[in-house]
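Here's the letter readout for the chains.
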Amino acid sequence: MSAEAHGHANHLVYHQYEDLEQQRESYIVGMWSFLVTEIMMFGALFLAYMIYRMQYQDHFYVIHKQLDWRVGGLNTVVLLFSSFAMAMAVYYHQVKQPKKVFNWLILVQLCAAAFLVIKIGLEWIPKAGHHLTPFYGTFEWHYGGGVPPEIAKLFFSLYFAMTGLHGLHVVIGMIVIGALQWMIHKKHPLVEDYIPTEMVGLYWHFVDIVWIFLYPLYYLMPQ
Amino acid sequence: MSATVAKPDQTEGLYDPKEPLNYINVQHTLKSWLLTGDHKRIAILYLIGITFFFFLGSIAAAMVRLELTSPHGVMLENDTYNKMFSAHGIIMIFLFLIPSIPATLGNFLVPIMIGARDLAFPRLNLMSWYLYMIAGAMILCAFFMGGVEAGWTFYTPYSSLAKSQVTLTLVGVFIGGFSSIFTGLNFIVTIHKMRAPGMGWFKMPLFIWAHYATSVIIMLGTPVVAITLLLVVLERAFNIGIFSPDNGGDPVLFQHMFWFYSHPAVYIMVLPGMGVVSELIANGSGKKIFGYDFVAYSSLAIAAIGFLVWGHHMFVAGQSMYQGVIFSLLSFVVAVPSAIKVFNWTATIYKGQVKLNTPMVYALGFMGLFVIGGLTGLYLSSMGTDVHLTATYFVVAHFHYVMVGGTVTAFLGGLHFWWPKMFGRMYPDTLGIVSAIMVFFGFNFTFFPQFIVGWMGMPRRYHYYYFAPEFQPYHLASSMGASFLAIGFALPACYLTWSIFKGRKVGPNPWGAKGLEWTTQSPPITTNFETMPTDIPEAYDFDSGIDDSEYDEIFGKPKESK
Amino acid sequence: MFNYPMAPEQASTFGAEHDFIFYLITILTVFFTVAVMVCVLYFAFKYRRGSKANRDNIVHHSQKLEIAWSMPPLILGLVIFGLSTSLFVKVRVPPKDAAEFFVVGKQWMWHIQHPSGIRENNTLTIPVGKPVKLTMISQDVIHAFYVPAFRTQYMVIPGRYTTMWFNPIKEGKYPIFCNMYCGTQHSEMGGYVYVVSQPEYAAFVARGGDKKKDHVQTLAEQGKSLFGGNTGSLNCVSCHGEKDTERGPSLSGIAGSMRKFADGQSALADDDYLRESIIAPEKRLTAGYEGTMPPDYKSQLSEEQIRHLIEYIKTLGVAKAAPVTPTTMPALSGGTSK
């Protein structure tokens with residue numbers, strides 16, 4: 001069992017593992033556990049959102065009209081496609097075609113970049129011009145509807161905290177995918193196995209899913 | 001004990017060729033320590049870190065205790081006093097208690113106890129230590145740049161308005177949170193996937209069960225407090241006020257989110273201590289733990305119910321009465337698994353072969369202090385009495401009984417128990433017993449008066465109490481006791497350090513104990529076992545006979561008495 | 001020699017019941033601690049290694065025993081839970097005839113106003129044997145109003161009213177503490193409750209508190225002068241007159257009534273609603289008055305002044321069959337009518 005296995009016939013296996021199977025399972029269990037912590041982290045924000053929305057539903061409805069559902073919808077499509085590209089990358093890694101993995105990951109990167117450009121360029125920066133950013137300039141509410149400015153500020157505080165944290169996750173995802181691509185390019189032994197790509201994929205799908213919840217909550221509010 | 005399997009690194013550093021190779025002498029450079037992936041070396045790094053921060057936290061505590069000897073204060077300004085108790089709380093909770101047992105004893109023992117060569121993710125483990133040190137450095141920086149006076153609970157809106165280094169401290173705590181998330185993640189994966197062949201879930205030592213339950217709490221709770229504290233940072237730095245009453249926000253929401261983590265965090269601190277004590281009691285009594293399943297499941301029950309009781313911190317904070325009733329009821333229920341553990345430990349000692357050495361004396365001390373700490377929790381989970389007692393010194397005494405009387409006593413007991421395993425040397429046992437007794441009595445001397453003064457109405461975090469000078473004798477007694485306690489803590493620091501260099505050398509199993517860690521050499525080699533264990537016996541399998549040969553050699557054969 | 005007090009004074013009606021539960025838990029705590037420690041030490045000595053004690057029939061597991069010893073703690077716990085929850089309900093639900101005092105907490109002092117309008121800073125003078133209800137709000141951070149001798153406290157939170165009540169049974173001087181950390185002078189944010197006999201309190205009210213003023217306005221009177229048309233007032237009356245106008249609804253009979261809002265929802269006009277409508281009228285607008293009321297009263301009014309306005313609005317009539325009890329203080333306001 002041990003002495004021979006410890007010599008590790010398979011050079012992909014780290015010294016603490018018995019075999020590749022154990023190593024793969026450990027990485028996947030680790031990644032899922034990490035995603036659980038991520039869910040709890042976003043969960044706390046969703047809870048805060050839920051409480052305030054229950055309290056100020058009518059004002060939130062009026063305020064949410066300042067968010068353009070078409071821009072958010074475009075971003076949803078972009079992210080959904082990126083998830084598809086990521087799934088393809090994982091598939092091609094499983095069948096050991098690193099060239100295609102690399103190319104699909106480029107598509108993921110492009111989608112992520114497009115998401116950020118749309119998010120920042122078409123949404124966040126114009127918001128600053130309309131005085132709807134609590135952290136830049138003075139916060140003002142000029143859109144009537146009987147909305148008290150402080151409730152609008154609360155809404156946009158939540159909006160920027162949640163989409164900001166999500167945006168940060170997109171940026172981290174781009175860095176991690178970049179590192180993965182670099183290792184694939186250099187034929188690093190770590191990426192001979194498909195598990196790293198699978199883990200990055202799980203993370204990316206998680207980032208996507210968070211947006212799938214954010215989009216209806218902020219852009220598609222019922223009256 | 002001649003280990004030759006792992007090749008020594010001949011090019012780097014020196015090692016004593018007479019001594020068998022182990023994880024300490026395999027490499028000697030500073031780099032080999034700072035870039036190690038070995039869970040045992042990381043445990044030692046953590047041990048150094050938490051000892052340092054415990055020392056700093058104790059200094060702050062000493063200032064607080066000294067200041068409270070007089071109703072008018074002795075030497076500090078109001079703000080300085082507030083910074084002192086905040087420093088004490090923040091350092092002790094986030095930089096000492098939370099990492100204490102899991103990151104040192106847990107890091108060292110979890111892989112060995114389940115028969116693995118290392119944790120699943122050694123580099124993540126090292127990263128968690130670096131994050132811990134960065135967090136510590138940031139919190140220390142904050143203190144040197146003017147300090148924090150918001151208390152360790154950081155209640156809004158005070159923490160969002162306070163004009164001190166709250167932001168830097170919160171970022172430090174946030175980073176420290178990731179350090180403990182990574183440790184917890186490593187434990188969960190290791191315990192799930194790395195157990196030796198034949199090591200079933202119910203063959204695992206209870207120490208592992210306790211760490212498994214702890215890791216689950218860390219993974220589920222820490223991210224919530226991390227984001228909560230980050231929201232306070234956002235409010236301070238970017239005006240994004242989610243808890244601000246000026247924005248229609250609710251400051252009590254912060255308290256809910258904070259205690260959702262920080263109540264289970266109590267179990268993050270005390271569950272590993274219970275795991276340690278289960279080992280100490282079973283091995284010190286030379287007998288299988290009574291009701292193994294019940295003790296194991298009670299850890300999981302505590303972890304599960306522990307997430308549903310956070311509201312008992314807010315009985316008088318404007319939450320609805322009915323909400324309070326539910327939280328109060330669940331708080332009574334969570335006491336039951338802890339009671340089960342105490343009764344099972346007692347039954348384990350019954351008809352055992354009790355070795356009254358330092359670790360066992362610490363374990364007995366733990367039981368006394370933890371029972372008081374746990375039962376005084378009943379005053380606070382019952383709403384009628386909590387209305388009077390909440391946020392008084394009664395609460396302070398209660399959680400010190402659990403945190404110091406429980407966790408720190410267990411940590412010291414565990415440290416004494418596994419010290420020969422960690423360093424291959426034994427400390428003077430008599431001094432150890434003296435220190436254990438000093439800690440027990442010094443502790444009671446310090447904190448018992450605080451129950452009375454709290455019951456009389458002394459609020460916590462008070463600098464002056466000239467409104468009620470009748471509190472003074474209790475504060476005096478408490479401060480005097482603290483100096484005894486300090487000696488009790490300083491003593492082990494001295495003789496344990498001495499023993500690393502001069503202590504008597506020991507073999508693999510100086511206590512005649514059971515468990516995989518006692519089958520490998522002391523200190524273990526880098527990969528823990530020369531041949532990986534496969535045929536795993538039941539946990540605490542004392543019925544198959546005890547090998548006390550080495551114990552008799554060190555401590556002498558028992559005198560035959562009637 | 002040892003003449004230090006070991007327990008706080010029992011100065012309110014909660015004292016006896018509270019202390020009964022406290023001592024009951026104390027007995028349990030002492031019993032279990034002693035029992036466990038005696039067993040543990042006795043076993044550790046009797047079964048020390050090498051002793052010749054009988055070790056036959058060792059049992060490692062017993063489900064019956066486990067259940068047997070987890071039941072007593074659970075049952076005792078539930079008994080205490082029942083007792084203490086019933087006390088908590090009493091502590092939280094004030095009697096209907098309680099005199100309502102108003103408390104503002106701010107860094108680092110307590111502002112207290114009697115129903116009769118007397119103001120006190122950091123002291124609270126109350127008559128013995130009369131229930132007192134405190135309606136509290138904070139102007140900055142969270143505080144907590146704590147009187148150990150009365151065995152009760154509650155947090156004082158910015159942005160909303162919280163209440164507590166007690167009924168003192170013993171004359172004397174009892175410390176008030178702020179029991180929620182609030183900054184630099186947290187430990188000095190305290191004072192005393194003076195519980196005096198009822199005639200003494202009547203005299204206290206009659207002379208207008210310790211300030212020796214000739215005449216003290218009641219809360220409602222002070223609210224009226226803020227509300228009315230004279231100089232220095234907010235001139236609320238110009239829009240909120242006797243009858244509804246296009247600028248604002250009449251406030252007569254508004255307190256305690258159900259209000260219908262522009263968005264179709266409705267709510268009870270309680271203290272919190274009235275406060276909100278003064279400082280942030282847009283939040284819940286009465287149908288037909290969108291955007292007519294200036295939203296900046298928050299910056300012009302202190303929490304005390306808001307309270308005065310609310311008390312005045314309450315005197316403009318209270319809705320019939322209102323589910324909330326109007327604040328009346330027949331027992332205590334006698335002195336001010338002079």
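Rules and cut-offs
- Residues numbered from 1 in each chain as written.
- Chains lettered and ligands numbered in written order.
- Predicted model: local features only at pLDDT ≥ 70, side-chain atom pairs only at ≥ 80, totals over all residues.
- Helix = DSSP H or I, 4+ residues; strand = E, 2+ residues; numbered from the N terminus.
- Rg over C-alpha atoms; globule rule 2.2 N^0.38 Å.
- Buried ≥ 20, exposed ≤ 12 C-beta atoms within 10 Å, placed from the backbone.
- Contact = placed C-beta atoms within 7 Å.
- Nonpolar A, V, L, I, M, F, W, Y, C, P; charged D, E, K, R; others polar.
- Pairing = 2+ DSSP bridges.
- Axes fitted to C-alpha atoms, helices over the stretch in contact; angles between N-to-C directions.
- Arc of directions from axis to C-beta.
- pLDDT = per-residue confidence, 0-100.
- Left-handed = near helix turned anticlockwise from the far one by under 90°.
- Expected span 1.5 Å × (residues − 1).

Peer 1: Describe the overall build of chain B, and please don't skip the residues or the numbers.
Peer 2: Check the secondary structure of chain B and you find 16 helices and two strands. Compactness check: chain B gives a C-alpha radius of gyration of 23 Å against a globular reference of 24 Å for 562 residues, within 12% of the reference. Dimensions of chain B along its principal axes, counting C-alpha atoms only, are 70 × 60 × 45 Å. Evaluated residue by residue, chain B yields a buried proportion of 67% over its 562 residues.

Peer 1: Describe the overall build of chain A, listing the residues and the values that go with them.
Peer 2: Along its length, chain A carries seven helices and zero strands. Across chain A, helices and strands are ordered from the amino to the carboxyl terminus as α-α-α-α-α-α-α. For 223 residues, the compact-globule estimate of 2.2 N^0.38 gives 17 Å, and the C-alpha radius of gyration of chain A, at 21 Å, exceeds that figure by more than 25%. Considered along the principal axes of its C-alpha atoms, chain A spans approximately 75 × 30 × 30 Å.

Peer 1: Please provide a residue-by-residue account of the interface of chain B and chain C, values included.
Peer 2: At the interface, 73 residues of chain B touch 73 residues of chain C. Going through the elements one at a time, α3 (78-114), α5 (158-161), α8 (251-285), α10 (321-349), α11 (358-381), α12 (383-389) and α14 (429-455) of chain B are the ones with two or more residues in the side of chain B that touches chain C. A per-class count over the side of chain B that touches chain C returns 46 nonpolar, 18 polar and nine charged.

Peer 1: Report on the sheet that holds strand β6 (residues 143-147) of chain C, specifying residues and quantitative values.
Peer 2: Paired through their backbone hydrogen bonds, the strands of a sheet run either parallel or antiparallel. Residues and elements named next belong to chain C. Read across the sheet, five strands follow the order β4-β10-β9-β6-β7 without closing on themselves; strand pairing throughout is mixed. Bordering the open sheet on either side are β4 (123-127) and β7 (152-156), each of which pairs with just one other strand. Across the sheet, the mean angle from the axis of one strand to that of its neighbour is 20°, orientation sign disregarded. Across five bridges, the pairing between β4 and strand β10 (residues 191-196) is parallel. Along β10, the bridge assignment pairs T123 with Y192.

Peer 1: Residues and numbers for the environment of S215 of chain B, please.
Peer 2: All names here are of chain B. Within the secondary structure, S215 sits in helix α7 (residues 206-238). Residue S215 is classed as buried on the basis of its 29 C-beta neighbours within 10 Å. Separated by 33 residues in the primary sequence, S215 and F182 have C-alpha atoms spaced 9.5 Å apart. Beyond its immediate chain neighbours, meaning those up to four positions away, S215 contacts G184, F187 and I188.

Peer 1: I'd like a description of unusual backbone geometry, backed by residues and values.
Peer 2: The residue after S522 of chain B, namely P523 of chain B, is reached through a cis peptide bond having omega -15°. Tracing the backbone through its elements, the reader meets P523 of chain B in the loop between β2 (504-505) and α16 (549-555). Following Q107 of chain C, the chain continues into W108 of chain C via a peptide bond in cis, with omega recorded as -5°. Tracing the chain through its elements places W108 of chain C in the loop between β1 (99-106) and β2 (109-113). One non-glycine residue, A391 of chain B, adopts positive backbone phi at about 60°. The topology assignment puts A391 of chain B in the loop between α12 and α13 (393-423). Of note in the backbone geometry, N57 of chain C takes a positive phi value of approximately 50° without being a glycine. Take N57 of chain C: it is sitting in the loop between α1 (14-46) and α2 (63-92).

Peer 1: Give me the environment of G105 of chain C: which residues, what numbers.
Peer 2: Residue and element names in this part refer to chain C. Mapped onto the elements of the fold, G105 is located in strand β1. With 60 residues separating them in the primary sequence, G105 and W165 have C-alpha atoms 16 Å apart. Leave out the neighbours within four places in its chain, and G105 touches W110, M136, S138, H143, F145 and V156.

Peer 1: If you had to explain the pairing of β1 of chain C to someone new, which residues and values would you point to?
Peer 2: Residues and elements named next belong to chain C. The element β1 is largely enclosed, with a buried count of seven among its eight residues. Bridging between β1 and strand β5 (residues 132-138) involves seven bridges; their strand directions are parallel. Residue pairing for β5: F101 is matched across the bridge by L134. Where β1 folds back on β2, the antiparallel hairpin that results is connected by two residues.

Peer 1: How would you summarise helix α3 (residues 198-206) of chain C if you had to cite specific residues and measurements?
Peer 2: Because the α-helix completes a turn every 3.6 residues, residues three or four places apart line up on one side. All names here are of chain C. Of the residues making up α3, those classed as buried are Y201, F204 and V205. Looking straight down α3, one finds its buried side chains confined to an arc of 95°; they lie on one side. Opposite the buried face of α3, by more than 90 degrees, sit the exposed residues P199 and A203. Two residues or fewer past α3, G208 is found with a positive phi of approximately 75°.

Peer 1: Please give an account of the sheet that holds strand β3 (residues 119-121) of chain C that cites residues and values.
Peer 2: All names here are of chain C. The five strands are arranged β3-β2-β1-β5-β8 in an open sheet whose pairing can be described as mixed. In the strand order of this sheet, the two ends are held by β3 and β8 (162-166), each with one partner. Within the sheet, the average angular offset between the axes of one strand and its neighbour, ignoring direction, is 25°. Note that β5 and β8 share five bridges and pair antiparallel. Of the residues in β8, the one forming a bridge with M136 is T162. Across the sheet, helix α7 (residues 303-315) lies against β1, β2 and β5, angled at about 155° from β1, the strand it touches most.

Peer 1: Residues and numbers for the confidence of the model for chain B, please.
Peer 2: All names here are of chain B. Chain-level pLDDT for chain B is 91 on average; 96% of the residues reach the 70-or-more range. Ignoring residues within four places in sequence, the model shows residues 1-15, a span with pLDDT below 50, making 32 contacts including any to other chains. Here the prediction assigns the complex a pTM of 0.87, and the interface score ipTM is 0.90.

Peer 1: Explain the environment of G373 of chain B residue by residue, including any values.
Peer 2: With respect to the helices and strands, G373 of chain B occurs in helix α11. Aside from chain neighbours lying at most four places away, what touches G373 of chain B is H398, Y401, V402, G405 and G406 of chain B.

Peer 1: Give a description of the packing of α3 of chain B against α8 of chain B that names residues and reports values.
Peer 2: The geometry of a pair of packed helices is captured by two quantities: the angle between their axes and the separation between those axes. All names here are of chain B. Relative orientation of the contacting elements α3 and α8 amounts to 35°, with a least axis distance of 8 Å. Handedness of the α3/α8 crossing: left-handed. Residues L97, I98, I101, P102, L105 and G106 of α3 pack against A265, I268, M269, P272, G273 and V276 of α8. Of the residues belonging to the contact of α3 with α8, the class tally is ten nonpolar, two polar and no charged.

Peer 1: Please give an account of α11 of chain B that cites residues and values.
Peer 2: Look at α11 of chain B: 34 Å from first C-alpha to last across 24 residues, which is about the 34 Å you get at 1.5 Å a residue. Where burial is concerned, most of α11 of chain B is hidden: 24 out of the 24 residues are buried.

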